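The residues making up each chain are set out below.
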Amino acid sequence: MKKIKIYEKESYKKLGDLYGLFFEDINHAADGGLYAELVQNRSFEFCEIDRKEYHALTAWEKSVNTEWEICTQNPLNEENTHYLHVKAEKDAYIRNLGFNTGIYVEAEKTYLFSVYARAEKKVRLTVSVTDDAGTVYAKNTLEIQGNDWTKYACKVKATDTTAVGRLVLTFGDECVCDLDMVSLFPTDTFMGRENGLRKDIAEALGEMKPKFMRFPGGCLTHDGSLNDHDRNSMYRWKRTLGKIEERPTWRNNWGYNQTLGLGYYEYFCFCEDIGAKPLPVLPGGFNPHKGEGVPMEALGAWVQEALDLIEFANGDASTPMGSIRKEMGHEKPFHMEYLGIGNEEIGEGFFERYPQFHNAIREKYPDIKIINTAGPFAVGEGYEAGWTSAKQYGSDLVDEHYYSSPEWFLANMHHYEDYDENGPKVFLGEYASWGNTYYNAIVEAAYMTHLERSKAVALACYAPMLCNVDYINWAPDMLWFNNHEIVKTPNYYVQKMFMEHQGSDAVRFELENLDEIISLTDNKNIAGKLSIIGNDVEGRIWDLKLTDHTTGAVTQLPELAITTENLENVLGSIDSSDYTLEFHFQRTAGRKGLKIFFGENEKGDKIQWEFGGWDNWDCNLTTIYNGRGSTISHRIFHVEDIEYTLRLEIKERHIKTYVNGVLWNDVTDRLPELEELYVTASIEQNKTILKVVNLTGEAKDTEILIDGEPKSKVNITSLHDYALTTENTFEQPQNVVPLESTEDYKAEGYNYTFAPHSVTVMVFE
Ligand code: AHR
């Protein structure tokens, strides 16, 4: 019998704000997502900079007896420069298509229509939601008259439900008018807020009981122009304040338009509504995607923006920024404690600028916890630069990001074991295993037991959080939705189980009779097929030599012509634990470099050396299991049109790469393995919480003992008995759901069987 003994009086770590959320406006997470606006392109501001096929009339249609034109002569205001000029015949109409399959209205629910309009002569406007077949679901009328821009509004009540509605504005008589900010909102938003959030999505997030929410994004924050008035500007928080009709709309770097109707004020309110501490991330005056930084002499304005944000969130309503907050409807401060500067920054440019933010914030607001950033991988140059900078300046936390295969997580459960618990703490601001299957979720759960146990880890959040299924930029994601349904993934349920039952303190526990670590592979060598593929380049490879150091055999291979078709050039196969591949390469066209694959087995699992990867920024090593990559070594490198000598050395699981004789990557690849049970224990007031993940295919009979106050019952939430490949889908959203039960607990002889492939959270009280 296995045994878990929990010492509930022996706290070894304050869990604080450990589990939270990360909101990024990616995958239409805001517009067409959490932000409840039903009209797409409400202010006729879409343009080709947002997305090449966009224009000011995207998502709008008209009847043949309507003439329309986008005008700019006399706009609503200087941020909202386009409006629609309409000349309509009697019964002509314009209509908006909404997001996804259309506008969703639900029987008996009320919707608030509003529009800014002007018309010299009276316009009788019928506002309706209809489908393409002409069925009317909701209807009301308005009259517009007056030469000045005026806001008109009315409510419409749905008599039936549809997910394929169009917002139709029908003109009762022949007329001429100007329209802007055409909006339709459910009145039943989350917490009933005006300009509010979609209730089902917001509730699903609130129910998780997150301790914090990072926003407004990752790359969203730092990708873009340095001028905050450019259409493709980086995310500049101050421009998201004020009345929604006076906010600019921008290019979202994920290839769409962001209205900014969900701006910083709304993010703060949402955090408050769900009891999560706000954790905003600001750009650090540097765009790593372009290697472009704001001139040092102009950085003061960016630093001031950070100081202003703190005053906006925390200042008294009498302060300049606090008074803006009050004017927007929130007199009391938001009590912001955390502030991130930068996201996955690569390159000196950021780290030269970071100290200016850090020092100014520390001096003026010593209680704010400042978060530095450590690149896009769990290893490598960005990662090391982030940690070095954080230690040098005394950042409170370092934001780490990694997306990896489940096998990487299984190999790296002890990732944080040797981190210094007295230095800056880890904020695991983005992580996920590649996939939304039950298997992905339970591997993440196992990893979370180690996050909870590590004294170095302070905060962690899964990423990305939201995805509109018709606008996918990135998968996997935690919650999927269309215009009326949401799908909670198994990953969501794991996050929720851990968040809801986090506890205030991690407490000591002992395990008895557990097996040794279980190895998942017999072949410990990196042996197998070798191949080279061009990465969108043309070039030549010559003097290819493969040396097997175990036998001394040297194989000369033929010269290769690399073409932009990215064809696979198979070099052969090697069954050795000690070998070297060497060759010369010269690029003649294209911007990137090569992918060199080695150690490929029959399943296609392999390791990739990417020379000039991503945007020709990387020299990386990546393991690939079941087609899912995990970066195990990252160096910055820009390939040029010159001759290179490349060398790959393999010795057992140790991999080295050399470029022109210089050691470039140097890493030992860890193989995935299983612990028999993954366990963590915590307390919350008079409750003791035990989380156990069983990744094996066998049930584990376990005696559970609590050393502490007497307990009489245990509430159990568990995920078990699902096939590892199971996913929740729109058709079957309940494939994987946690089950709840309650049992009596007695101090001696309480046994529980942890089912195969299960995640169990037990709350003893
Ligand atoms: O979460 C998706 C993206 O992944 C984030 O924008 C970025 O920070 C990371 O590379």
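Right above here is the structure, for reference.
Residue positions within a chain follow its written sequence, with the count starting from 1. Per-residue local features are limited, in this predicted model, to residues with pLDDT of at least 70; the limit for side-chain atom pairs, both in listing and counting, is 80 or more; totals at the level of whole chains, interfaces and linings are taken over all residues. To get the side-chain values, all heavy atoms of the structure are used, and hydrogens and water are removed first.

Draft legend 1. A look at the site of the ligand. One heavy atom within 4 Å of a molecule or strand makes the whole residue count as near it. Near the ligand the following residues occur: E24, I26, G218, C219, W254, N343, E344, H401, Y403, E430, P464 and W474. The contact in question runs from an oxygen atom of the ligand to an N or O atom on the side chain of E344, over 2.9 Å. At a separation of 2.7 Å, an oxygen atom of the ligand approaches a polar side-chain atom of E430. Only the protein chains shown count as cover for residues, and the accessible areas themselves come from Shrake-Rupley with a 1.4 Å probe. Protein chains shield 95% of the accessible area of the ligand, which is 280 Å² for the free molecule. The way it works is a 1 Å grid over only the protein atoms, where trapped points that fit a 1.4 Å probe form a cavity and open points with protein on both sides within 12 Å along at least five of seven lines form a pocket, and then any residue with an atom within 4 Å of a point lines it. In this description, a molecule resides in a pocket or cavity if more than half of its atoms sit within 2 Å of the grid points defining it. Judged by the proximity of its atoms to the pocket grid, the ligand belongs to the largest pocket. By the convention adopted, Pro, Cys, Tyr, Trp, Phe, Met, Ile, Leu, Val and Ala count as nonpolar, Lys, Arg, Asp and Glu as charged, and the other residues, Gly among them, as polar. Residues that form the shell around the ligand fall into these classes: six nonpolar, three polar and three charged. Pairing of N or O atoms within 3.5 Å defines a polar contact, subject to two protein rules: one partner must be a possible hydrogen donor and the other a possible acceptor, and residues neighboring in sequence count only if both atoms are side-chain atoms.

Draft legend 2. Local environment of the pairing of strand 15 (residues 277-282). Of all six residues making up strand 15, five are buried, and the element is well covered by its neighbours. As judged from the four bridges shared by strand 12 (residues 212-215) and strand 15, these two strands associate in the parallel manner. Bridge pairing in strand 15 places M213 opposite P278. In this sheet, strand 18 (residues 338-341) lies alongside strand 15 in parallel orientation, the contact comprising two bridges. Bridge pairing links L282 to I341 in strand 18. Think of it in three bands: residues with accessible area under 20% of the maximum for their type are buried, residues over 50% are exposed, and the middle band is partly exposed, with areas taken using a 1.4 Å probe on protein chains only. Working definition: helices are DSSP H or I runs of at least four residues, strands are E runs of at least two. Numbering for both runs from the N terminus. DSSP calls a pair of strands paired once it identifies at least 2 bridges connecting them.

Draft legend 3. Main features of the sheet that holds strand 21 (residues 425-433). Read across the open sheet, the eight strands follow the order 2-12-15-18-19-20-21-22; overall the sheet is parallel. The open sheet has two edge strands with one neighbour each: strand 2 (21-22) and strand 22 (457-462). In terms of strand pairing, strand 19 (residues 369-373) meets strand 20 (residues 397-404) through three bridges, oriented parallel. The partner of N372 across the bridge, within strand 20, is V398. The sheet contacts of helix 9 (residues 438-453) involve strand 20, strand 21 and strand 22, and relative to strand 21 the element is tilted by about 170°. What makes two residues a contact is simply this: any of their non-hydrogen atoms within 4.5 Å. A fitted line through C-alpha atoms represents every axis, and for helices the fit uses only the stretch in contact; the resulting angles, taken between N-to-C directions, go from 0 to 180 degrees.

Draft legend 4. Inspection of the pattern of salt bridges at higher detail. By salt bridge we mean one thing: a side-chain nitrogen of Lys or Arg within 4 Å of a carboxyl oxygen of Asp or Glu. Tallied over the full model, the rule gives 52 salt bridges. The partner of E143 in a salt bridge is K122, and the shortest N-O contact between them spans 3.6 Å. With E143 in strand 9 (residues 136-157) and K122 in strand 8 (residues 110-130), this pair connects stretches of sequence that are 21 residues apart. Accessibility expressed as a relative area gives 45% for K122, which makes it partly exposed. Residues E582 and K545 are paired through a salt bridge, measuring 3.9 Å at the closest nitrogen-oxygen approach. Within this pair, whereas E582 is found in strand 33 (residues 578-589), its partner K545 is found in strand 29 (residues 538-548), the two being separated by 37 residues in sequence.

Draft legend 5. Geometry of the packing of helix 9 against helix 10 (residues 490-500). Two elements in contact, helix 9 and helix 10, have axes whose closest approach is 8 Å; the angle formed by their N-to-C orientations is 25°. Regarding the angle of helix 9 to helix 10, the classification is roughly parallel. The hand of the helix 9/helix 10 crossing is right-handed. Within the contact between the two elements, helix 9 uses Y438, N440, A441, E444, A445, M448, T449 and E452 and helix 10 uses P490, N491, V494, Q495 and F498. In the contact of helix 9 with helix 10, the residues fall into seven nonpolar, four polar and two charged. Roughly parallel means an angle under 35 degrees; roughly antiparallel, over 145; roughly perpendicular, 65 to 115; everything else is oblique. Whether a crossing is left-handed or right-handed is set by the direction in which the near helix is turned from the far one by less than a right angle, anticlockwise for left-handed and clockwise for right-handed.

Draft legend 6. View of the pairing of strand 45 (residues 713-719). Most of strand 45 sits out of view: five of its seven residues are buried. Sheet topology places strand 45 next to strand 46 (residues 739-744); six bridges connect them, and they run antiparallel. Residue pairing in the sheet places K713 in a bridge with D744 of strand 46. Pairing geometry for strand 45 and strand 48 (residues 758-764), over six bridges, is antiparallel. What sits directly across from I716, in strand 48, is M762.

Draft legend 7. Region of interest: the nonpolar core. Judged by nonpolar contacts, the single largest core of 170 residues is most densely connected at F23 and F598. Dropping the residues within four chain positions of it, F23 is found in contact with A29, A30, L34, M213, R214, F215, P216, G217, L262, Y267, M465 and L466. Joining through side-chain atoms within 4.5 Å is the link that ties buried Ala, Val, Leu, Ile, Met, Phe, Trp, Tyr and Cys residues into a set, and such a set is a nonpolar core. Listed in part, the 37 residues of the second largest apolar core include V39, F44, A117 and V123.

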